[in-house]
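Notes for the structure review
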Amino acid sequence: DRDDLDEWGWTVINIPSDVRRIYLSNNGNDANDGATPETAIATLERAEELNKQQFGQPFAMLLHAGHKFQNRLNLEMPQGTTSKSTKDRPIVIGVYGDGPRPKVFGRLRVVKSRTINYLRVVGIQFTEGIDYHTPGKDILIEDCLFIASGININGFQGTINDVRLRRNIVVD
């Protein structure tokens with residue numbers, strides 16, 4: 001049961017209208033709610049805070065194309081919290097707007113967490129890569145650029161099933 005692909009072979013990711021969006025932009029302000037491009041927030045730290053307000057709910061964290069973001073991003077859910085993401089309501093870390101991939105000068109960390117299913121990481125440039133160390137299934141990492149970094153997926157905290165690494169670039 002795979003995601004749909006467009007005519008060029010890229011994964012089509014549909015974000016339902018009722019799924020919470022968190023927009024990030026270098027022109028944003030962390031006093032904003034991040035719910036629209038016009039009310040974007042500025043930092044990954046604020047995005048983490050907003051995410052923690054609704055633990056377990058599907059969300060889309062969308063970084064403005066061509067912008068740069070400092071520090072790492074942690075996706076964590078406390079013990080006792082269950083991810084409510086599904087194939088049709090995934091957790092998405094992706095891009096909005098036109099331009100080159102947004103750059104994260106840090107690492108995406110999915111660790112010390114309960115099960116996170118249906119995670120989509122699409123179209124981001126990472127300077128420190130991705131660490132995925134939590135149980136989960138149906139994980140997609142596509143069209144990302146890893147500069148002097150990589151993707152570390154390890155099931156030492158539980159079973160990870162159906163991981164797809166598609167069309168990424170890893171540069172030493």
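Our structure is the block above this text.
Residues numbered from 1 in each chain as written. Predicted model: local features only at pLDDT ≥ 70, side-chain atom pairs only at ≥ 80, totals over all residues. Heavy atoms only, no water.

Below, the discussion takes up the overall build of the protein chain. Of the regular secondary structure elements, the protein chain holds one helix and 15 strands. Relative to the globule expectation of 16 Å for 172 residues, the C-alpha radius of gyration of the protein chain, 15 Å, shows essentially globular dimensions. If you line up the protein chain on its principal axes, its C-alpha atoms span 40 × 35 × 30 Å. Taking all 172 residues of the protein chain together, 46% fall into the buried category. A fraction of 55% describes how many contacts in the protein chain between residues 6 or more apart in sequence connect residues 24 or more apart. Roughly 8,400 Å² of accessible area belongs to the protein chain as shown, and the carbon and sulfur atoms make up 45% of that amount. Taken together, the 21 basic and 22 acidic charged side chains of the protein chain have centroids lying 5 Å from each other. (Helix = DSSP H or I, 4+ residues; strand = E, 2+ residues; numbered from the N terminus. Rg over C-alpha atoms; globule rule 2.2 N^0.38 Å. Buried < 20%, exposed > 50% of the residue type's maximum accessible area, 1.4 Å probe, protein only. Contact = heavy atoms within 4.5 Å. Areas by Shrake-Rupley, 256 points an atom, 1.4 Å probe, with all protein chains shown as cover. Lys, Arg positive; Asp, Glu negative; His and termini not counted. Charge placed at Lys NZ, Arg CZ, Asp CG, Glu CD.)

The subject of this paragraph is the environment of threonine 127. Topologically, threonine 127 is positioned in the loop between strand S9 (125–126) and strand S10 (130–132). As for threonine 127 and serine 83, which are separated by 44 residues in sequence, their C-alpha atoms are 28 Å apart. Apart from residues no more than four positions distant in its own chain, threonine 127 is found in contact with Val104, Phe105, Gly106, Ile147, Ala148 and Ser149. A distance of 3.2 Å separates a polar atom in the side chain of threonine 127 from the backbone nitrogen of glycine 106. (Polar contact = N/O pair within 3.5 Å; in protein donor to acceptor, adjacent residues only side chain to side chain.)

Through backbone hydrogen bonds, the strands of a sheet pair up, either in parallel or in antiparallel fashion. Across the sheet, which stays open at both edges, the four strands sit in the order S4-S7-S10-S13 with parallel pairing between neighbours. Lying at the two open borders of the sheet, with one neighbouring strand each, are strand S4 (73–75) and strand S13 (151–153). Within this sheet the neighbouring strands show an average axis-to-axis angle of 10°, counted without direction. Pairing analysis gives three bridges linking S10 to S13, with the strands arranged parallel. Note on S13: the bridge partner recorded for aspartate 131 is asparagine 152. (Pairing = 2+ DSSP bridges. Axes fitted to C-alpha atoms, helices over the stretch in contact; angles between N-to-C directions.)

A separate point is the side chain of aspartate 138. Its place among the elements puts aspartate 138 in strand S11 (residues 136–142). A relative accessible area of 6% places aspartate 138 in the buried class.

Before going further, it helps to spend a moment on the packing of aromatic side chains. Taken as a whole, this structure holds two aromatic pairs when the rule is applied. Over the ring of tryptophan 10 we find arginine 167; its NZ or CZ atom is 4.4 Å from the centre of that ring. (Phe/Tyr/Trp six-rings, centres within 6.5 Å; stacked < 30°, edge-to-face > 60°. Lys NZ or Arg CZ within 6 Å of the ring centre and 35° of its normal.)

Before going further, it helps to spend a moment on unusual backbone geometry. Look at tyrosine 118: it is not a glycine, yet its phi comes out positive at around 55°. Owing to a relative accessible area of 16%, tyrosine 118 belongs among the buried residues under this scheme. The residue arginine 167 is not glycine, and still its phi comes out positive at about 55°. Residue placement: arginine 167 occurs in the loop between strand S14 (160–166) and strand S15 (169–171).

Its place among the elements puts asparagine 117 in the loop between strand S7 (108–110) and strand S8 (119–122). A relative accessible area of 14% means that asparagine 117 is categorised as buried. From its side chain, asparagine 117 meets the backbone nitrogen of lysine 137 in a polar contact 2.9 Å long.

This brings us to the environment of glutamine 125. Residue position: glutamine 125 is located in strand S9. Overall, the relative accessible area of 12% leaves glutamine 125 in the buried class.

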